[in-house]
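An overview of the molecular structure
Read off the chains here:
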Amino acid sequence: MLSKGLKRKREEEEEKEPLAVDAWWLDPGHASVAQAAPAVASSSLFDLSVLKLHHSLQQSEPDLRHLVLVVNTLRRIQASMAPAAALPPVPSPPAAPSVADNLLASSDAALSASMASLLEDLSHIEGLSQAPQPLADEAPPGRSIGGAAPSLGALDLLGPATGCLLDDGLEGLFEDIDTSMYDNELWAPASEGLKPGPEDGPGKEEAPELDEAELDYLMDVLVGTQALERPPGPGR
Amino acid sequence: MVLQPSERHYRDWDHRRLGPWCSPTGSPAPLSCETGCGEGSWILVCRLLVPTQVSLLSMEEDIDTRKINNSFLRDHSYATEADIISTVEFNHTGELLATGDKGGRVVIFQREQESKNQVHRRGEYNVYSTFQSHEPEFDYLKSLEIEEKINKIRWLPQQNAAYFLLSTNDKTVKLWKVSERDKRPEGYNLKDEEGRLRDPATITTLRVPVLRPMDLMVEATPRRVFANAHTYHINSISVNSDYETYMSADDLRINLWNFEITNQSFNIVDIKPANMEELTEVITAAEFHPHHCNTFVYSSSKGTIRLCDMRASALCDRHTKFFEEPEDPSNRSFFSEIISSISDVKFSHSGRYIMTRDYLTVKVWDLNMENRPIETYQVHDYLRSKLCSLYENDCIFDKFECVWNGSDSVIMTGSYNNFFRMFDRNTKRDVTLEASRENSKPRAILKPRKVCVGGKRRKDEISVDSLDFSKKILHTAWHPSENIIAVAATNNLYIFQDKVN
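What you see is a predicted model; the values in this text were computed from it and never measured.

So, about the overall build of chain A. The helix and strand inventory of chain A stands at nine helices and zero strands. Start at the N end of chain A and walk to the C end: the helices and strands fall as α-α-α-α-α-α-α-α-α. Across the 236 residues that make up chain A, the buried fraction comes to 38%. Summing over all exposed atoms, chain A offers an accessible surface of approximately 13000 Å²; the carbon and sulfur share of this is 57%.

Written out as structure tokens, the structure reads:
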């Protein structure tokens, strides 16, 4: 934790001056930035901010102040990267912050987030290939990128990043979850009901079959087994 | 949690002193704040290693194995993360100094009594009481761990022989009573002196138990637990001047509590948007006015301060006053908002001013002027050109606190490299001092430090690139009436005193 505050050497050409004056990131319209290449520089600052945003959202309980400040900074950077394009006004946020916003919204909806995470975990355990459709608004932010405003070309950078969040990040999130509850025999009927769907290859069309009734049943089973389950041990 | 300090007699200590901070309580020491913060006048009184003292003194107690392991494994040269001090606060007389740490412990220090034999020891603080205020919790519904770190401690004004303080972690506020016991009953009929039960058949006479003096014992007991009122992380608590209510503030809401009622609180500020996607601002700090029990302020991550009057409406979403300084166009950058985020807000003792701390400056505002501060002090402006690196390593999000001295003439705040800064509002002089082990000889005079910005570095100066950003002074406290300050550096608590004192 202390390493966060430690000075660290830059790995690029700036190694000679570890904390050189950072003029390159300044607002392109600023008078003092004469020869800097703002677009390229801002892109790495943009990447850094996106990374920070994802890292913040991956926390089990994100620091709201940190999150809000990073999101607002990201909006500023983004606004400066495409100043001429027809950007929608801030209140109806463009696609990149909408990724953040969707994730923000989901971080607040605690129960649906727990549900989403439980079902995600279930999908890892039982071999389901995708999260159930009703949670589409939270699970696949990557899909919303496809419908992004075409003017924000730099947001292609965001695509693989969000993919990482879904595929690798969540997996990493649940590494320490005690999955012994899923070995319980109670799961057998539920999994048999769900498994044939994706594996038969019906794709998205079949997913809606996992409808409200199935979800309710799943939740009942989950809550029921959780009641039986002992609380997690002391090792955290 | 019971701690037995060495023999000490408190009978002649007047516990019943009341009165607001601003009027002297009759103590012989003059109000020495007028001397200001001239260079070279601060000396180290003592450096307290909080966890070491705790471990040594509590070896005999029956405590949980985690503490025992810590005391055996702890190396004096480095601190475990649980020992990091997270809050420091003097009580209203300055007799007591409380610290909270990341491990959920509260340690209270008491000022050494002035005695004719050891005049030079006056001003030293020794451990008075220590207890585990908060434990780590697990929220099973959300699968979330709730940290036990103490975010804030606030003292209640003393109204009887016992001391009361509020301590809070991210979710729960607790009211603790700290009291002394110097008598115990002796002469039970059914128990012997060691507490073992006696066989009733052996008892032939009856006696009345009597209270006899004993070695002083200090006990801390939780009197109230105010829980389940905050969805987000509590960042501030503030005791109202009516001494009956207090408020707790989290990122989006502020609640008003009555000390006697733990199952209800009033929500007085709510800035949560209907749609969380529209969230752009959070509450960062809040405080009640020192004299007007209907007035409070809260600061935001966008660098604004709102003053609210609870008489206006039940939900104080509409402010009475709005303090914001327009952005300086020459300093505009991507990080403008982050560095404008206010990390602490404090009323002056007089109630006429508020002081705010953002990343690079401390500002003093007159309550009667909303459009700009009346004073701005640069804490470490040399960092302005390093903001990108500080953003990268997250240091730009550090939350520094700020404090007033007793007469509101000097303000103090922390910085990096274990530096802390004092600004004299009258003389406009400022000084940078360092809280470090190297200068740790008792009564050693602190030498002012200087950061070299560019060009030739003088012998005693330190260059910006050599600053240690892991050594940050976030928490400091100033004695309410004397020039005694407490500075927390990781797990060390430094107490400095004005040499004139």
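As a further point, take the packing of aromatic side chains. For the coordinates displayed, the defined rule picks out 20 aromatic pairs over all chains. Ring centres of Phe226(B) and Tyr246(B) lie 5.1 Å apart, and the angle between their planes is 75°; this geometry places the pair in the edge-to-face category. Here Phe226(B), found in strand β12 (residues 210-226), pairs with Tyr246(B), found in strand β14 (residues 245-249); they are 20 residues apart in sequence, far enough to count as distant. Seen in terms of ring centroids, Phe323(B) and Trp365(B) are 6.0 Å apart; in terms of plane orientation they differ by 75°. Their pairing is edge-to-face. Within this pair, whereas Phe323(B) is found in strand β20 (residues 321-323), its partner Trp365(B) is found in strand β23 (residues 361-366), the two being separated by 42 residues in sequence. Summarising the burial analysis for this pair, Phe323(B) and Trp365(B) share the class buried. Here a set of aromatic residues connected by ring pairs shows up, and it is made of Phe226(B), Tyr246(B), Trp257(B) and Phe259(B). One residue, Lys52(A), lies across the ring of Tyr391(B), its end atom 5.3 Å from the ring centre. Across the ring face of Tyr353(B), the terminal group of Arg425(B) is positioned such that the distance to the ring centre comes to 4.8 Å.

What follows covers the pattern of salt bridges. All names here are of chain B. Per the counting criterion, the structure on display carries 31 salt bridges over all chains. Ionic pairing is found between Arg224 and Glu260, a salt bridge with its closest N-O pair at 2.6 Å. Within this pair, whereas Arg224 is found in strand β12, its partner Glu260 is found in the loop between β15 (253-258) and β16 (266-270), the two being separated by 36 residues in sequence. Judged by relative accessible area, Arg224 falls into the partly exposed class, the value being 23%. Residue Glu260 is classed as exposed on the basis of its relative accessible area, which comes to 57%. Through salt bridges with shared partners, one network takes in Asp83, Asp101 and Arg105.

Residues and elements named next belong to chain B. The antiparallel open sheet is built from four strands, whose spatial order is β21-β22-β23-β24. A single partner strand is all that each edge strand has here, and the edge strands are β21 (344-347) and β24 (375-378). Going across the sheet, the axis of each strand differs from the next one's by a mean of 15°, ignoring polarity. Pairing between β23 and β24: four bridges, direction antiparallel. Counted as the bridge partner of Thr361 is Gln378 from β24.

Residue and element names in this part refer to chain A. For helix α2 (residues 64-81), built from 18 residues, the straight-helix expectation of 26 Å at 1.5 Å per residue is met to within 8% by its first-to-last C-alpha distance of 25 Å. α2 sits mainly inside the fold: 15 of its 18 residues count as buried. Residue Asp63 occupies the N-cap position of α2, its side-chain oxygen lying 3.2 Å from the main-chain nitrogen of Arg65.

Residues and elements named next belong to chain B. Pairing is antiparallel in the open sheet, where four strands are placed in the order β25-β26-β27-β28. Edge positions in the open sheet fall to β25 (402-404) and β28 (430-434), since each of these has one partner strand only. Here the strands of the sheet are splayed against their neighbours by 20° on average, with no regard to which way each runs. Where strand β27 (residues 419-424) lies against β28, five bridges are found, and the strand directions are antiparallel. Residue pairing for β28: Met422 is matched across the bridge by Val431.

Within the fold, Tyr188(B) resides in the loop between β11 (173-186) and β12. Judged by relative accessible area, which is 35%, Tyr188(B) ranks as partly exposed.

All names here are of chain A. Residues of chain A with pLDDT of at least 70 account for 22%, and the chain-wide mean is 53. Mean pLDDT across the elements of chain A bottoms out in helix α5 (residues 141-146) (37) and peaks in α2 (92). Here residues 84-101 is a poorly scored stretch, pLDDT under 50, and it has 29 contacts once near neighbours within four places are set aside; other chains count. Note on residues 184-208: pLDDT under 50 across the span, and 23 contacts to partners over four residues away in sequence or across chains.

A separate point is the nonpolar core. In this structure, Tyr359(B), Leu383(B), Tyr391(B) and Ile396(B) are the most contacted members of the largest nonpolar core, which totals 42 residues. The greatest single-element share of this core, amounting to eight residues, is contributed by α2(A). Grouped together as the second largest cluster of nonpolar side chains are 18 residues, Phe420(B), Leu446(B), Tyr494(B) and Phe496(B) included.

Turning our eyes to something else, we now look at the environment of Glu193(B). Residues and elements named next belong to chain B. If you trace the backbone, Glu193 turns up in the loop between β11 and β12. A relative accessible area of 55% places Glu193 in the exposed class. Beyond its immediate chain neighbours, meaning those up to four positions away, Glu193 contacts Glu186, Gly187 and Arg207.

In this section: the confidence of the model for chain B. Parts of the model with low pLDDT should not have their predicted coordinates read in detail. Scored by pLDDT, chain B has a mean of 84; 84% of the residues are at 70 or more. Every residue in residues 1-36 of chain B is under pLDDT 50, and counting partners more than four places away or in other chains gives 72 contacts.

Once that is clear, we can look at the environment of Arg111(B). Residue and element names in this part refer to chain B. Checked against the element boundaries, Arg111 lands in strand β5 (residues 105-111). Residue classification places Arg111 among the buried residues on the basis of a relative accessible area of 10%. Placed 17 residues apart in sequence, Arg111 and Gly94 show a C-alpha to C-alpha distance of 8.0 Å. Side-chain polar atoms of Arg111 contact the side chain of Glu482, separated by 3.1 Å.

Reading the values: the criteria
- Residues numbered from 1 in each chain as written.
- Chains lettered and ligands numbered in written order.
- Predicted model: local features only at pLDDT ≥ 70, side-chain atom pairs only at ≥ 80, totals over all residues.
- Heavy atoms only, no water.
- Helix = DSSP H or I, 4+ residues; strand = E, 2+ residues; numbered from the N terminus.
- Buried < 20%, exposed > 50% of the residue type's maximum accessible area, 1.4 Å probe, protein only.
- Areas by Shrake-Rupley, 256 points an atom, 1.4 Å probe, with all protein chains shown as cover.
- Phe/Tyr/Trp six-rings, centres within 6.5 Å; stacked < 30°, edge-to-face > 60°.
- Lys NZ or Arg CZ within 6 Å of the ring centre and 35° of its normal.
- Salt bridge = Lys/Arg side-chain N within 4 Å of Asp/Glu carboxyl O.
- Pairing = 2+ DSSP bridges.
- Axes fitted to C-alpha atoms, helices over the stretch in contact; angles between N-to-C directions.
- Expected span 1.5 Å × (residues − 1).
- Polar contact = N/O pair within 3.5 Å; in protein donor to acceptor, adjacent residues only side chain to side chain.
- pLDDT = per-residue confidence, 0-100.
- Contact = heavy atoms within 4.5 Å.
- Core = buried A, V, L, I, M, F, W, Y, C linked by side-chain atoms within 4.5 Å.

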